[in-house]
Amino acid sequence: MEENRRVFPVWRGIGASSAVGWSQGWGRCLRWESDSRDRGTRTPVFDYPVWLVFCRRGRARLREVCQRGRGAIRLPTDLLSLKLPQLFDIHQVPKVFREDSIISGYRHPRSSAVDCVLSSFQMNNETINIWTHFLPTWWVQTLQTKYFVWRFMALFSTMNFLNDSYTWPLLVYMLLICIYPFTSSCAHTFSSMSAESRHICYFFDYGALSLYSLGCAISYGYYVMPDCWVHSWLHQHFVLIAIGNSLFCTSMSCYSRFVELQFPKRSKALRTGAFVVPFIFDTVPLFYRALICFWDGGTLSDALSSHCYHLLFAFLTCFLFTAHLPERLAPGRFDYIGHSHQLFHVSAVVGTHFQMEGVVADMTSRRAWLQLHGAMPSFLGTIGALAVSLALNLAIIGIFSAPLLWKTRHGSNQQNACKEQ
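A short tour of the structure in this document, coming up. (Residues numbered from 1 in each chain as written. Predicted model: local features only at pLDDT ≥ 70, side-chain atom pairs only at ≥ 80, totals over all residues. Heavy atoms only, no water.)

Moving on, we come to the overall build of the protein. The helix and strand inventory of the protein stands at 13 helices and five strands. Looking at the protein residue by residue over its 421 residues, the buried ones come to 45%. A separation of at least 24 residues holds for 70% of the contacts in the protein among residues at least 6 apart in sequence. A total accessible area of about 22,700 Å² is found for the protein, and carbon and sulfur atoms account for 62% of it. (Helix = DSSP H or I, 4+ residues; strand = E, 2+ residues; numbered from the N terminus. Buried < 20%, exposed > 50% of the residue type's maximum accessible area, 1.4 Å probe, protein only. Contact = heavy atoms within 4.5 Å. Areas by Shrake-Rupley, 256 points an atom, 1.4 Å probe, with all protein chains shown as cover.)

Structure representation (structure tokens):
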């Protein structure tokens, strides 16, 4: 038996040894010395993670490494047999999991949490839905603007959110536009664990969207409100009505899932109306400003221009959500890439970007005028409103989730009782 056994090439990483760099590191090989009675077993020590180069027969060679490593590389051999979840066609999954005109690419309706996470790296009919909301939440760079979390951190470093009450509406708005796409991404990721889990995941998705509508109302009420409406009855009660709209939105959208199988059209109408009502109310001040600007023949400011782009994408988002195009024209052709829900996600994110730019521009340009006229935000009308609405929306989600959780627990108890008998 050979004293040293060459297994297969690896890159040990820059700095793995004092005199080895990148180019020389590729030439290194893992070598295991056989047992010796007088010296004991000698294994290599790595200062940096070892990145295995998967080439021809890489899986078999990696198994050999793990078996001969004797603890030097602690990779469980179970990882070698790790497989991506199996996908199914529409007739192979329960009706609650089926999407209109989507024929293939469905995940297992009883997927584990690990399978759900792995499926986000596998091409299925939810993959693009997951990533089109996850990536914009954390890092996407376009033009000179970084979306959501990165933009929020940039604003946080330049503005005094803690002591300057004028910035509190922006703080609430930025928090919520970071939360809603991330919640949506999580809902799409874990919605295939069970029928009950699917409903609960989307309950949280709807709750995050309704809170986002409240964030829009708070920022619009303090920054976008037309000059002639400041201190009017609508201005004074704008946030309070928006809280009611968010509760209505969460309640109706959650209820729509319970009638989805029996009355799909009614469910779609309820869900669409649940989101349209807050949108119309929130954008009333914006519509008025745009109409006055066009009626007087004035030039669009940077803020109003961004708001108009947002409205354009908002209408496009609503159309894609209700029309189910293009997959309705060619069922099965857009199962993985290009179906309406993916386009709906992209349109919503782009629209939110323009909305964010408009809100920031209005906040900056109108500050002196709003401070002069005493239209300053209060803690109760911004952060307090968010806290109250968050608690009430979570309560609504809990009420709708309770029977589903009880059903799941009751079913599992029955199965355990049958096994014992």
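Inspection of the secondary structure puts Leu 270 in helix α9 (residues 264–296). According to the relative accessible area criterion, Leu 270 is partly exposed, its value standing at 21%. For the pair Leu 270 and Ser 256, spaced 14 residues apart in the sequence, the C-alpha separation amounts to 6.0 Å.

One finds Leu 170, Tyr 173, Met 174, Ile 177, Ile 218 and Tyr 223 to be the most contacted residues of the largest nonpolar core, which totals 46 residues. Looking at this core, the elements with two or more residues in it are α5 (148–158), α6 (168–190), α7 (195–224), α8 (233–258), α9, α10 (302–323), α11 (340–365) and α13 (383–420). Core analysis: the next-biggest nonpolar cluster, separate from the first, contains 11 residues, Ala 187, Ile 200, Tyr 206 and Phe 400 among them. (Core = buried A, V, L, I, M, F, W, Y, C linked by side-chain atoms within 4.5 Å.)

Here Ser 365 shows up in helix α11. On the basis of relative accessible area, Ser 365 is assigned to the exposed category, the value being 54%. When the C-alpha positions of Ser 365 and Tyr 223 are compared, they lie 9.4 Å apart, and in sequence the two are 142 residues distant. At 2.9 Å, the side chain of Ser 365 and the backbone oxygen of Ala 361 are in polar contact. (Polar contact = N/O pair within 3.5 Å; in protein donor to acceptor, adjacent residues only side chain to side chain.)

Enumeration according to the criterion identifies seven salt bridges in this entry. Where Arg 328 meets Asp 100, a salt bridge forms, and the shortest distance between an N and an O atom there is 3.0 Å. Note that Arg 328 is positioned in the loop between α10 and α11 and Asp 100 in the loop between α2 (58–68) and α3 (113–119), a separation of 228 residues in sequence. On the basis of relative accessibility, which here comes to 35%, the residue Asp 100 falls in the partly exposed class. Linking Arg 289 and Asp 362 is a salt bridge whose minimum nitrogen-to-oxygen distance equals 3.0 Å. Placement of Arg 289 in helix α9 and of Asp 362 in helix α11 is noted, with a sequence separation of 73 residues between them. (Salt bridge = Lys/Arg side-chain N within 4 Å of Asp/Glu carboxyl O.)

Between Leu 325 and Pro 326 the backbone carries a cis peptide bond, its omega angle lying at 15°. Position of Pro 326 relative to the elements: it lies in the loop between α10 and α11. A positive phi angle is found at His 231, which is not glycine, with a value near 70°. With respect to the helices and strands, His 231 occurs in the loop between α7 and α8. Judged by relative accessible area, His 231 falls into the partly exposed class, the value being 44%. Despite not being glycine, His 324 has its phi angle at roughly 55°, a positive value.

Tracing the sequence through the fold places His 345 in helix α11. Looking at His 345, its side chain comes within polar contact range of the side chain of His 188, at 3.5 Å. Setting aside its immediate chain neighbours within four residues, His 345 contacts Asn 129, Thr 132, His 133, Ser 184 and His 188.

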